[in-house]
Amino acid sequence: MRKYYLNYIDELESEAIYVLREVYAQFQNPVILFSGGKDSIVLTHLAKKAFYPCKVPFALMHVDTGHNFPETIQFRDDLIQSLGARLIVGSVQESIDQGRVAEERGKNATRNALQITTLLDAIEEHNVDCAIGGGRRDEEKARAKERFFSHRDDFGQWDPKNQRPELWNLFNGKHFEGEHFRVFPISNWTEMDVWNYIKRENIQIPSLYFAHSRKVIWRNNSWIPYSEHLKLDERDEIVSKKVRFRTLGDITITGGIESDADTLEKIVQEVAAMRQTERGNRADDKRSETAMEDRKRQGYF
């Protein structure tokens, strides 16, 4: 009798699918937080496998900063159409127009932190009791403090010292009215695991992840893509470089790296040689030592 042994990627996939099915069993109105980045794309692919041949039973929620890469928005719309899923969009621009948040000013202004209010408003408006995210523990030290099931209070805030123990594969999603959970099915994955899985499953991803020629400026030790949203001064020089992006976010803060990796095979080789976390090129994480944790405490992803 032949024995079937799961390899490491199979085990990670099985764990993530188990978590997704637990979400479906324990919550009334869960959504997938979809940014158009590789992690949320892998998360959506896993949800598709978890409930096949049925459709993905979760709506996809995107917090639109208005400062997105156009390629990301196009990819999002194409994916939603192919899945036949429901898309919920929370608009940061609408939050600004309604006076809910005030836009930052200055050269390094970003809408990244403004997403917190927009996200929490969308969660309340749509009665979401669980937001499934693609966060991974290797991304940033604050991410490493998360549980699979991460409790948020009735203000949408996160207290890393007040999280529930997770023994074996038991998850407790019970909560009071107004509270919700963030769930991270790929929490145990690394950046390399994600890329190996994308390669194995032949998952489509935005072209931004592959090396391509682009107009950029050098800022905060990264190649920031030139766009209409970028505030320039006399020291900024717009040049053309062959770059790719390891992580996608607001176009004004997402730094690229010079690269020739234009295939999945080359990306896997490049990532294997990296010694800096992928969020090392995100300007919003460089504002302070605790920038990510401070945002997460307030309700960030």
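Residues numbered from 1 in each chain as written. Predicted model: local features only at pLDDT ≥ 70, side-chain atom pairs only at ≥ 80, totals over all residues. Heavy atoms only, no water.

1. Details of the overall build of the chain
Secondary structure assignment for the chain yields 8 helices and 10 strands. With respect to the principal axes defined by its C-alpha atoms, the chain has extents near 65 × 55 × 35 Å. Counting all 301 residues of the chain, 54% fall into the buried class. Sequence separation of at least 24 residues holds for 73% of the intrachain contacts in the chain that already meet a minimum separation of 6. Accessible area for the chain stands at about 15,100 Å²; split by element, carbon and sulfur atoms hold 48% of it. Across the chain, the 44 positively charged side chains and the 48 negatively charged ones have centroids separated by 3 Å. (Helix = DSSP H or I, 4+ residues; strand = E, 2+ residues; numbered from the N terminus. Buried < 20%, exposed > 50% of the residue type's maximum accessible area, 1.4 Å probe, protein only. Contact = heavy atoms within 4.5 Å. Areas by Shrake-Rupley, 256 points an atom, 1.4 Å probe, with all protein chains shown as cover. Lys, Arg positive; Asp, Glu negative; His and termini not counted. Charge placed at Lys NZ, Arg CZ, Asp CG, Glu CD.)

2. Focus on the environment of Asp 129
Looking at the element boundaries, Asp 129 is found in the loop between α5 (115-125) and β4 (130-132). By relative accessible area, which is 9% here, Asp 129 ends up buried. Polar contacts involving the side chain of Asp 129 include one to the main-chain amide nitrogen of Gln 28, which spans 2.7 Å. (Polar contact = N/O pair within 3.5 Å; in protein donor to acceptor, adjacent residues only side chain to side chain.)

3. Let's talk about unusual backbone geometry
Cis geometry is found at the peptide bond from Tyr 52 to Pro 53, where omega equals 10°. In this structure, Pro 53 sits in the loop between α2 (38-50) and β2 (59-64). Phi at Asn 127 is positive, roughly 55°, even though this residue is not glycine. A residue is classified by how much of its surface remains accessible, and Asn 127, at 60% relative accessible area, is exposed.

4. Observations concerning helix α7 (residues 264-272)
Along α7, the residues that are buried comprise Leu 264, Ile 267, Val 268, Glu 270 and Val 271. Summarising the axial view, the buried residues of α7 lie within an arc of 165°, below the 170-degree limit, and thus occupy one face. As for α7, its buried residues are in contact with α6 (191-201), β9 (239-244) and β10 (257-258). (Arc of directions from axis to C-beta.)

5. Looking at the layout of surface pockets
What the largest pocket holds in volume is close to 460 Å³. Taken together, 20 residues form the lining of the largest pocket, with Ile 123, Glu 124, Val 128, Gly 178 and Glu 179 sitting closest to its centre. Element by element, the count of residues in the lining of the largest pocket is highest for α5, at 5 residues. Class assignment for the residues of the lining of the largest pocket results in 5 nonpolar, 7 polar and 8 charged. Computed from the structure, the second largest pocket encloses a volume of approximately 220 Å³. The wall of the second largest pocket is formed by 13 residues, among which His 45, Lys 48, Leu 79, Ile 203 and Gln 204 lie closest to the centre. Put simply, the parts of the chain that give the lining of the second largest pocket at least two residues each are α2 and α3 (70-83). The element that contributes the greatest number of residues to the lining of the second largest pocket is α3, accounting for 5 residues. Partitioned by chemical class, the residues of the lining of the second largest pocket number 5 nonpolar, 5 polar and 3 charged. (1 Å grid on protein atoms, 1.4 Å probe; cavity = no way out; pocket = protein on both sides within 12 Å on 5 of 7 lines; lining within 4 Å. Points joined across faces, edges and corners; volume = space filled by probe spheres on them. Nonpolar A, V, L, I, M, F, W, Y, C, P; charged D, E, K, R; others polar.)

6. Thoughts on the packing of aromatic side chains
Remark: the centre distance and the inter-plane angle together describe each pair of aromatic rings, the angle taken between the planes. Under the definition given, this model contains 12 aromatic pairs. Residues Phe 27 and Phe 149 carry aromatic rings whose centres are separated by 5.8 Å and whose planes lie at 40° to one another, so their mutual orientation is tilted. With Phe 27 in the loop between α1 (8-26) and β1 (30-33) and Phe 149 in strand β5 (residues 149-152), this residue pair connects regions lying 122 residues apart in the sequence. As far as burial versus exposure is concerned, Phe 27 and Phe 149 are alike and both buried. A centroid spacing of 4.9 Å and a plane angle of 10° characterise the contact between Phe 149 and Phe 171, whose relative ring orientation is stacked. Of this pair, Phe 149 sits in strand β5 while Phe 171 sits in the loop between β5 and β6 (180-183), and the two are 22 residues apart along the sequence. Given the relative accessible area of 2%, Phe 149 is considered buried. Taken together, the aromatic side chains of Tyr 18, Phe 27, Phe 148, Phe 149, Phe 171 and Phe 181 make up a single cluster linked through ring pairs. Cation over ring: Arg 137 sits above Phe 148, and NZ or CZ is 5.3 Å from the ring centre. (Phe/Tyr/Trp six-rings, centres within 6.5 Å; stacked < 30°, edge-to-face > 60°. Lys NZ or Arg CZ within 6 Å of the ring centre and 35° of its normal.)

7. Some thoughts on empty space enclosed by the protein
Counted under the stated rule, the structure contains 3 cavities of 30 Å³ or more. What the second largest cavity holds in volume is close to 50 Å³. Lining the second largest cavity, in full, are His 67, Glu 103, Glu 104, Ala 109, Thr 110, Arg 111, His 229, Lys 231 and Thr 252.

8. A closer look at the side chain of His 180
Tracing the backbone through its elements, the reader meets His 180 in strand β6. Of note is the side chain of His 180, whose polar atom sits 2.9 Å from the side chain of Arg 182.

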